[in-house]
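These are the residues of each chain, in order.
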Amino acid sequence: MTQFANKIAHHVACLFCEDLDGFTLVIFGVLGETLCKTHEKLEHLAIIERILGSIPSHMLKKVGYHAEKYIRKGRLNWPEGATSRESIRVVSKLPCLPG
């Protein structure tokens, strides 16, 4: 994970556990742009993971019961949990931060 991504992960670890949408807004705010319009929380997380890299395991372990449906076997439930092939295609075309 890049130094930039480490800083973001550190500052929003608690936010991630409490508010998945808020976490997404912080990331997009830092990037200064909206990369994709979606209302699905799992797709938001897949976008974040695509751009910044895998969500750290220590963050995934802190996920509350309300977000457990997004995590399977210690990782984001993506693309298995995607609602459509279009959603998978959109996320796979997004840029990744170098690192």
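Keep in mind the model is a prediction, meaning the values are calculated, not measured.

> Can you break down the environment of Lys-69 residue by residue, with the values?
On the secondary structure map, Lys-69 appears in the loop between helix 4 (57-60) and strand 1 (71-72). C-alpha of Lys-69 to C-alpha of Gly-81: the two residues are twelve residues apart in sequence and 8.8 Å apart in space.

> Tell me about the pattern of salt bridges, and name the residues and values.
Pairing is possible between side chains that carry opposite charge, provided their charged atoms lie close to one another. Tallied over the entire structure, the rule returns two salt bridges. With a shortest N-O distance of 2.8 Å, Glu-80 and Arg-75 are connected by a salt bridge. Look at Glu-80 and you get exposed, because its relative accessible area is 52%. Between Glu-86 and Arg-89 there is a salt bridge, and its shortest N-O distance comes to 2.5 Å. Of this pair, Glu-86 and Arg-89 both sit in helix 5 (residues 85-92), three residues apart, roughly one helical turn. Residue Glu-86 is classed as partly exposed on the basis of its relative accessible area of 43%. Residue classification places Arg-89 among the partly exposed positions, given a relative accessible area of 36%.

> Lay out unusual backbone geometry in plain terms, naming residues and giving numbers.
Residues Trp-78 and Pro-79 are joined by a peptide bond in cis, for which omega reads 5 degrees. Mapped onto the elements of the fold, Pro-79 is located in the loop between strand 2 (75-76) and helix 5.

Analysis parameters
Residues numbered from 1 in each chain as written. Predicted model: local features only at pLDDT ≥ 70, side-chain atom pairs only at ≥ 80, totals over all residues. Heavy atoms only, no water. Helix = DSSP H or I, 4+ residues; strand = E, 2+ residues; numbered from the N terminus. Salt bridge = Lys/Arg side-chain N within 4 Å of Asp/Glu carboxyl O. Buried < 20%, exposed > 50% of the residue type's maximum accessible area, 1.4 Å probe, protein only.

By themselves, these figures tell us nothing about what the structure is for.
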